[in-house]
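Notes for the structure review
Here are the chains, one letter per residue:
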Amino acid sequence: MKHLVTLSMTALALVAAPVFAADASGKWEAKIEGPRGEMAFVFNLTADGETLTGTVSNEMMGESEISDGKVSGDEISFKQKLERGERTMTFAYKGKVNGDELELTRTVEGMGGGKKGGMRPGGGQGGGQAGGQGGAGDGGPRRGGMGREMTFVAKRIN
């Protein structure tokens, strides 16, 4: 009987470990190199079951709430929407918690807005379409700046 209880407890621990091993709650900081030098991003996250809430902030863009936050084991996802006047940009984050590190991949979902186009990933406002397809004002591919996709590691700071 003692052997059966030990075996049952071991099996339960193995099944439960992945669920409890990754805690996305806390304050995380990533230092990302950009065209204007290194920039610190702070992710202040709270996980409650399968729901993730919180904020993303940095010196250039300020602080913004996250939306659509989800937690599944050690994987997380959420969105960050930036609005500047008529211009909107949405970043989609997907990542994995590994102890005191959070590996995130960020993609730009869409850029739209007023007559002058969307926000340019490198900061500042987009001008009109920059000659042909994929110009600065139509949500097409960008060069430099924040880019369309990036992967980085954030470290737990509390």
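As the structure is a prediction and not an experimental result, all values here were calculated from the model.

Rules and cut-offs
Within each chain, residues carry numbers counting from 1 in the order of the written sequence. Per-residue local features of the predicted model are confined to residues with pLDDT of at least 70, and side-chain atom pairs are confined, for both listing and counting, to 80 or more; whole-chain, interface and lining totals are unaffected and use all residues. As a rule here, side-chain values cover all heavy atoms of the structure and leave hydrogens and water aside. A run of H or I in DSSP becomes a helix once it reaches four residues, and a run of E becomes a strand once it reaches two; helices and strands are each numbered from the N terminus. Type-normalised accessible area, obtained with a 1.4 Å probe on protein chains alone, sets the label of each residue: buried when under 20%, exposed when over 50%, and partly exposed for intermediate values. Contacts are assigned to residue pairs with any non-hydrogen atoms lying within 4.5 Å of each other. Whenever two N or O atoms come within 3.5 Å, that pair is a polar contact, provided that in protein one can donate a hydrogen and the other can accept it, and provided that, for residues adjacent in sequence, both atoms are side-chain atoms. Working definition: a ring pair exists when centres of Phe, Tyr or Trp rings (six-membered ring for Trp) sit within 6.5 Å. Plane angles under 30 degrees give stacked, over 60 give edge-to-face, the rest tilted. For a lysine, the NZ atom is tested; for an arginine, the CZ atom; a charge sits over a ring if that atom is within 6 Å of the ring centre and within 35 degrees of the ring normal. A pairing counts as a salt bridge when a side-chain nitrogen of Lys or Arg comes within 4 Å of a carboxyl oxygen of Asp or Glu. pLDDT is a per-residue confidence score from the predictor, ranging from 0 to 100.

Here we look at the overall build of the chain
Within the chain, the secondary structure is distributed over 1 helix and 8 strands. Helices (α) and strands (β) of the chain occur, in sequence order from the N terminus, as α-β-β-β-β-β-β-β-β. Taking all 158 residues of the chain together, the buried fraction comes to 35%. Considering only residue pairs separated by 6 or more positions, the chain has 39% of its internal contacts joining residues 24 or more positions apart.

So, the environment of Asn58
You can see Asn58 is positioned in strand β3 (residues 51-58). Using a relative accessible area of 7% as the deciding quantity, one classes Asn58 as buried. Counting along the chain gives 15 residues from Asn58 to Phe43, while the straight-line C-alpha distance between them is 9.2 Å. Filtering out sequence-adjacent residues up to four positions away, Asn58 remains in contact with Met39, Ala40 and Phe41. For Asn58, the side chain forms a polar contact with the main-chain nitrogen of Met61, separated by 2.6 Å.

As for the packing of aromatic side chains
Enumeration over the complete set of coordinates arrives at 4 aromatic pairs. For the pair Phe43 and Phe78, a centre-to-centre distance of 6.2 Å together with 65° between the ring planes defines the contact as edge-to-face. Here Phe43 is found in strand β2 (residues 37-48), whereas its partner Phe78 is found in strand β5 (residues 75-84), with 35 residues between them in sequence. Pair check on accessibility: Phe43 and Phe78 agree, each one buried. Note on Phe43 and Phe152: the rings are 6.1 Å apart at their centroids and 20° apart in plane angle, and the pair reads as stacked. Placement of Phe43 in strand β2 and of Phe152 in strand β8 (residues 149-156) is noted, with a sequence separation of 109 residues between them. For Phe43, a relative accessible area of 0% puts it in the buried group. Here a set of aromatic residues connected by ring pairs shows up, and it is made of Phe43, Phe78, Tyr93 and Phe152. A cation over a ring is seen here: Arg106 above Phe91, with NZ or CZ 4.3 Å from the ring centre.

What about the pattern of salt bridges?
Here the structure, examined in full by the defined rule, presents 4 salt bridges. Two residues, Glu109 and Lys79, come together in a salt bridge whose shortest N-O distance is 3.2 Å. One end of the pair, Glu109, is in strand β7 (residues 101-112); the other, Lys79, is in strand β5, with 30 residues separating them in the sequence. Classification of Glu109 as partly exposed rests on a relative accessible area of 45%. Among the ionic pairs, Arg156 bridges to Asp100, the shortest N-O distance being 3.0 Å. Within this pair, whereas Arg156 is found in strand β8, its partner Asp100 is found in the loop between β6 (87-98) and β7, the two being separated by 56 residues in sequence.

Looking at the side chain of Thr55
On the secondary structure map, Thr55 appears in strand β3. Ignoring anything within four residues of it in the chain, the contact list for Thr55 reads Val42, Phe43, Asn44, Glu63, Ser64, Glu65 and Ile66.

Focus: the confidence of the model for the chain
Of the residues in the chain, 63% have a pLDDT of 70 or more, and the chain-wide mean is 75. Scored below 50 in pLDDT, residues 11-19 shows 2 contacts in the model against residues more than four places distant or in partner chains.

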